[in-house]
Every structure is written in C-alpha cells, then in structure tokens.
Amino acid sequence: MNTTKKIQSALISVFDKNGLEPIVQELHKNNVIIYSTGGTETFIKDLGIPVVPVEDVTSYPSILGGRVKTLHPKIFGGILNRQDHDGDIAQMKEYEIPQIDLVIVDLYPFEKTVASGANEADIIEKIDIGGISLIRAAAKNFKDTVIVASVNEYDLFLTMIQENLGSTTLEQRRLLATKAFHVSSHYDGAIFNYFNTDKNILKISEEKATPLRYGENPHQEGVFFGDFEYLFEKLNGKELSYNNLLDVDAAVNLMNEFKGQQPTFAILKHNNACGVAQRASMKEAYLDALAGDPTSAFGGVLIANGAIDNATAEEINKLFCEVVIAPAYDSEAIEILKEKKNRIILVLQDITLPTKQVRTCLNGILVQDKDNITDNREHLKTVTNLAPTEQEIDDLLFASKICKHTKSNTIVLVKDGQLCASGTGQTSRVDALRQAIEKAQSFEMNLEGAVMASDAFFPFPDCVEIANNAGIKAVIQPGGSIKDDLSITYCDKNNMAMVFTGTRHFKH
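In this text, all values refer to a predicted model and were calculated from it rather than measured experimentally.

Asks: Now, about the overall build of the protein: what can you tell me, with residues and values included?
Replies: Helices and strands together make up the secondary structure of the protein, namely 19 helices and 23 strands. In terms of overall dimensions, the protein is more spread out than a globule: its C-alpha atoms have a radius of gyration of 31 Å, far above the 23 Å expected for 508 residues. Principal-axis analysis of the C-alpha atoms gives the protein an extent of 100 × 50 × 45 Å. Burial status across the protein gives 48% buried among its 508 residues. When contacts within the protein are restricted to residue pairs at least 6 apart in sequence, long-range pairs at least 24 apart make up 55% of them. Across the protein, 50 positive and 68 negative side-chain charges occur, with their mean positions spaced 3 Å apart.

Here you go:
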C-alpha cells in the first residue's frame, strides 16, 4: 500500500517568520494552495505568492482582538478528515470544507514572555489557543496530514519535500507528529508550572537534549537534558562526558558558596573537593588547593571564583585536568590553557542556579529543596568554655562550606583558609575522621591548630578525642545528639573550642 501523499494545500500561521520563506517558495513551486492569517498572510503576499485568507474559507473575520482566527469547523474539518473514510468524504463535500494537507504553525512565546518579567496580563495573552489546537489536530491525523509545529523543524521538512517532490511518507508524517506532540506537551507544561502552587504535583519538560558518548560507564547510554549553553560558554576541548557534567555540577555548587569573596580555587574529583584554598591571589589559591591532594587532582575538575590570569594558567598547564571553570580569563591565559587540545575550558555565566533537586528513586522521583543554608557567624553557638578565635571562626565557616558539598559521612579539616584533607562517603564518622587525618599526614599537612567540620552531630566523644590527639583545636558541627554533653565535656577538659550551628548538611 502506497502511503506517500502529495501536499496540495497548506495552512500557514506562525509567530516567528524566520526560515519560512524557502518553504513557502518550495510549496508555491509545487502548486500548493496556501491558506493563511494576519501577519503570516501579509508575509506571504509580500513574497509575491498567492495566498487565500482564512476568512474567505470561514466567512468570519479574526475576532476578539485576534484571539479567534482559525477555530472553525471548516478549518478543523479540513485538517481532521480521514481521506479513506466514506462518511468524512461525504461531509467534506456536503459542507464545502477544503482539504488541508499541511499545517505549519508555531506558538506564542509563552516561556520567553514569563522570563522577560512581563506583567500577568501580557503573559496570559501569550497562552496560545488556536495554534495549540491546530497542532494537536494535525498531529492526531498524521495518517493524512503533515504538521510542522516549530521553526526547529523547518529544515527537516524542507528537505523532505525537496527530496520527495512535494510529497511525504507515512513514516515522515508520524515523525513530525511526534515532534509536534513534544511541542504541545512542553508548552502546556510551561503554562501549568506558571500557575501551579501545589508542591505535590511535578511536571518537568526539557526541550534541549545532548546525547553523551556514554553514561557513567561505557556500557551505559547517557543524555543530558537542559540548556548547557545558558550556563556556560565553552572555549575549548572535547565534549563533556556524563561524569564531567556531574563533577562540573558539584564544582559550580561548591564555588557558589565563595561568590564575591577573595580569590578561591577548588579542585574536585568524583563530586568531592580534594583541594580548596582562599588566598590573596588566584595563583596562590590554586597552588595551595593543589597542595592539599596533588594525587587526586590528576584528571580533576578545576574551578575559580574569579578571573584566571596568565600566572595561574601557567601553573594549571603543568597539571593534567579534564575541565577548567572560571567566570573570566585573561586573553593570554586562554591560549595557555588551550595548549592541551582536549582540555575543556568553560566560562561560567552569572545566573541563578536551580533551587530544587530531582533524582530517580525506585519506581518514582524524589524532589527536595536544595540545601540553601550556608552557615555564618550568626548561626554559631559556642557550647564550650573556650570560644574560637577570629581566625578559627573564619576557618570553621570555610570548612563548613566544603563539608556541605561533600558526600556523607564526612569530616573536613581546614587550616588558614586551606583544605588540609577530608574524609568522604564513609559509613561511620570515626572512619571519615581517621581517613582525613591519615590523608593530611600523607601530604605532610600540619594539623596543629587546624579546625574540624562535621556534616552531622557526634553521637559519642570519640571524634573530638581523635581530633584533639591530631592537634585540632576547634570544631563546628550541627549538634543535636542526646549525648552532646559527652563531646562538650571532653572539649572543655582539653582546651578545645566547639560551636553548634543547628543545621545538618547530609549529602547522599
């Protein structure tokens, strides 16, 4: 059975005229009757191509300020009729309904209008009614009707009709219908999310998709859904992998804690910081971040909270790293970093990060607010006889920020604005502390006078005892254990300062 159909008539009504002209010219070359409305009708006329106003078909003008133009049985009958159905054929003839083989329509830019900060009246007017109805009708009847529902499909459709001399196959019509239903569902989702205030209803739709080389491992497929270019400008390097993207996400969220502060540099591996330092210059910050764990830094993701200058780039260039991220670069610094052709160089745009986290769980989805509390001086409650010094408070808050972005159970050790070591993703807090101390000592970090941050409370005094024996003199933790007094008593007996924040920072 031949399912190829020749396009003999088309309804075209679009908001965005970019890229439309070649299609109209090709349709005209194939003697297609074109119906249109409003601005699109004028556009086609200006090309010198005959066009039939929709009003001539419906005998109704555009009414209600343009809200009603194509919503008429003679239009939708022409789109929805089944061309092999005797009853439909008879009614088409009875009511003098013209056949419409092709619908080209796009939708009012609702999302862009919302993003622009427009008032609600303007936003409401950008809820498309006629367009969405035309899309659904033509897509439903893909057996007989072609639907082009987005400017993104113009090139694809033009190629189809050029190669098939003005005809389309059933497979092509089905493909375009699938894309049309994607357009309509995404559009409806955006409108719903604008109105929705019920946190127990979730609708997520991402139009942009980037196939990845593979997922977490080579045998897993991976796709990134989202607008990466909105957040970053990519200056160099290969395509980002699934694991790169996870590390970049972790790096951006960590460095967001230090936005606007003095030069801060972080090195991450497998979503955890292996080096962080804050110094008077970016070069110093990088070198001291690297000193925290030069072994793990190999193949890591690097991020700065300020511009990377030439001197810093020269030092970075000595290290094999996958990704470098900064809000700006000196021009020469970019050329230095580009010497490694596969090294990914990203410029981080100044945008607001999402406030929700979403992840799959069992046969469903978990959604939560991001951990948006950053411990500060106002949160600190000194619970020991000895209060931390000003330098210790600075280090405690620095350590807390890193701790918040490290896999639980975690302990973070900091001294003089430098991450000495961390214990990450351990099943016990004691193991995390021992891991951190051993790691710091392996890189000859002097822990005498260092501080310790914990993502959750200490159920027993063993952690503060182990920390004290390693030279650590101040502790920050959320508190809240029924045995807090045991840790407080130990600290008091051993001249240690400890502060509670009241906020746990688990990260799983």
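Asks: An account of the sheet that holds strand E6 (residues 146–148) is needed here, citing residue identities and associated values.
Replies: Read from one edge of the open sheet, 5 strands run E4-E3-E2-E5-E6, paired in parallel fashion. Every other strand in the sheet has two partners, leaving strand E4 (52–53) and E6 as the edge strands with one partner each. Sheet contacts for helix H2 (residues 38–46): strand E2 (9–13), strand E3 (33–36) and E4; angle to E3, the most-contacted strand, approximately 140 degrees.

Asks: Tell me about empty space enclosed by the protein, residues and numbers included.
Replies: The tally for this structure, following the rule as stated, stands at 2 cavities of 30 Å³ or more. Volume-wise, the largest cavity comes out at about 60 Å³. As for the largest cavity, its lining consists of Asp375, Ser400, Cys403, Ala453, Ser454, Asp455, Ile476, Gln477, Pro478, Thr501, Thr503 and His505. Contributions of two or more residues to the lining of the largest cavity are made by helix H16 (390–404), strand E21 (451–454) and strand E22 (474–477). Residues that form the lining of the largest cavity fall into these classes: 4 nonpolar, 6 polar and 2 charged. Lining the second largest cavity are Ala273, Cys274, Gly292, Asp293, Leu419, Cys420, Ala421, Ser422 and Lys439. Of all the elements in the fold, those that place two or more residues in the lining of the second largest cavity are strand E12 (272–278) and strand E20 (418–423). Sorting elements by how many residues they give to the lining of the second largest cavity places E20 first, with 4 residues.

Asks: Mind laying out the environment of Phe181, listing which residues take part and the relevant values?
Replies: By the secondary structure assignment, Phe181 is in helix H10 (residues 170–195). The partly exposed category is assigned to Phe181, whose relative accessible area is 33%. With 80 residues separating them in the primary sequence, Phe181 and Asp101 have C-alpha atoms 18 Å apart. Look past the residues within four positions of Phe181 in its chain and what remains in contact with it is Arg136, Ala139 and Lys140.

Asks: Give me the lowdown on the environment of Thr374, citing residues and values where you can.
Replies: One can find Thr374 in the loop between strand E17 (364–369) and strand E18 (381–382). The spacing of Thr374 and Phe460 is 86 residues in sequence and 25 Å in space, taken between C-alpha atoms. If we ignore the near neighbours within four places in the chain, the residues touching Thr374 are Glu257, His379, Lys401 and Lys404. Among the polar contacts made by the side chain of Thr374, one reaches the side chain of Glu257 at a distance of 2.6 Å.

Asks: Can you break down the side chain of Ser13 residue by residue, with the values?
Replies: Note on placement: Ser13 falls in strand E2. Only 3.1 Å separates the side chain of Ser13 from the side chain of Thr37, close enough to count as a polar contact. Sequence-distant contacts of Ser13, defined by excluding residues within four places in its chain, comprise Thr37, Thr40, Ile104, Val105 and Asp106.

Asks: Outline unusual backbone geometry, listing residues and values.
Replies: Backbone torsion omega between Ser408 and Asn409 reads -10 degrees, so that peptide bond is classified as cis. Assignment of secondary structure puts Asn409 in the loop between H16 and strand E19 (411–415). For His270, which is not glycine, the phi torsion reads 50 degrees and is therefore positive. For His270, the position within the fold is in the loop between strand E11 (264–269) and E12. On the basis of relative accessible area, His270 is assigned to the exposed category, the value being 63%. One non-glycine residue with positive phi stands out, namely Leu362, at about 50 degrees. Inspection of the secondary structure puts Leu362 in the loop between strand E16 (356–361) and E17.

Asks: Which residues make up the pairing of strand E13 (residues 300–304), and what are the values?
Replies: Within E13, 5 of the 5 residues are buried, leaving the element largely enclosed by the surrounding structure. Taking every second residue as pointing to the same face, both faces of E13 are buried, with Gly300, Leu302 and Ala304 on one and Val301 and Ile303 on the other. Two strands pair when backbone bridges link them, and E11 and E13 are joined in this way by 4 bridges, in the antiparallel orientation. When the sheet's bridge partners are listed, Ile267 is paired in E13 with Leu302.

Asks: Quick rundown of the pairing of E11? Include the residues and the values.
Replies: The side chains of a regular strand alternate, first on one face of the sheet and then on the other. Burial of E11 is extensive: 5 of the 6 residues sit out of reach of the surface. Direction of pairing for E11 relative to E12: antiparallel, over a ladder of 6 bridges. Looking at the pairing, Ala266 lines up with Val276 of E12.

Asks: Could you give an account of the nonpolar core, with specific residues and numbers?
Replies: Inside soluble globular proteins, nonpolar side chains tend to come together where they are buried. Core analysis: the largest hydrophobic core is formed by 41 residues, its most contacted members being Val248, Ile325 and Leu346. Sequence-distant contacts of Val248, that is, excluding residues within four places in its chain, are made with Phe232, Leu240, Val301, Val323, Ile325 and Leu346. In this structure, Val383, Ala432, Phe458 and Val475 belong to the second largest nonpolar core, which totals 29 residues.

Asks: Describe the packing of helix H18 (residues 462–469) against helix H19 (residues 484–493), with residues and values.
Replies: Look at H18 against H19: their axes get within 8 Å of each other, and the N-to-C directions meet at 25 degrees. One finds that H18 runs roughly parallel with respect to H19. Where H18 crosses over H19, the handedness of that crossing is right-handed. Between H18, through Val464, Glu465, Asn468 and Asn469, and H19, the contact on the second element is made entirely by Ser487, Tyr490 and Cys491. Grouping the amino acids of the contact of H18 with H19 by side-chain chemistry returns 3 nonpolar, 3 polar and 1 charged.

Asks: Describe a nonpolar patch on the surface, listing the residues and the values that go with them.
Replies: Together, Leu202, Ile204, Val358, Ile365 and Val367 make up an exposed nonpolar region whose accessible area comes to about 450 Å². Its location among the elements puts Ile365 in strand E17. Its relative accessible area of 52% is what places Ile365 among the exposed residues.

Scoring rules and cut-offs
Residues numbered from 1 in each chain as written. Predicted model: local features only at pLDDT ≥ 70, side-chain atom pairs only at ≥ 80, totals over all residues. Heavy atoms only, no water. Helix = DSSP H or I, 4+ residues; strand = E, 2+ residues; numbered from the N terminus. Rg over C-alpha atoms; globule rule 2.2 N^0.38 Å. Buried < 20%, exposed > 50% of the residue type's maximum accessible area, 1.4 Å probe, protein only. Contact = heavy atoms within 4.5 Å. Lys, Arg positive; Asp, Glu negative; His and termini not counted. Charge placed at Lys NZ, Arg CZ, Asp CG, Glu CD. Pairing = 2+ DSSP bridges. Axes fitted to C-alpha atoms, helices over the stretch in contact; angles between N-to-C directions. 1 Å grid on protein atoms, 1.4 Å probe; cavity = no way out; pocket = protein on both sides within 12 Å on 5 of 7 lines; lining within 4 Å. Points joined across faces, edges and corners; volume = space filled by probe spheres on them. Nonpolar A, V, L, I, M, F, W, Y, C, P; charged D, E, K, R; others polar. Polar contact = N/O pair within 3.5 Å; in protein donor to acceptor, adjacent residues only side chain to side chain. Core = buried A, V, L, I, M, F, W, Y, C linked by side-chain atoms within 4.5 Å. Parallel < 35°, antiparallel > 145°, perpendicular 65-115°, else oblique. Left-handed = near helix turned anticlockwise from the far one by under 90°. Patch = residues over 30% accessible without salt bridge, like charges linked within 9 Å, V, L, I, M, F, W, Y side chains within 5 Å. Areas by Shrake-Rupley, 256 points an atom, 1.4 Å probe, with all protein chains shown as cover. Salt bridge = Lys/Arg side-chain N within 4 Å of Asp/Glu carboxyl O.

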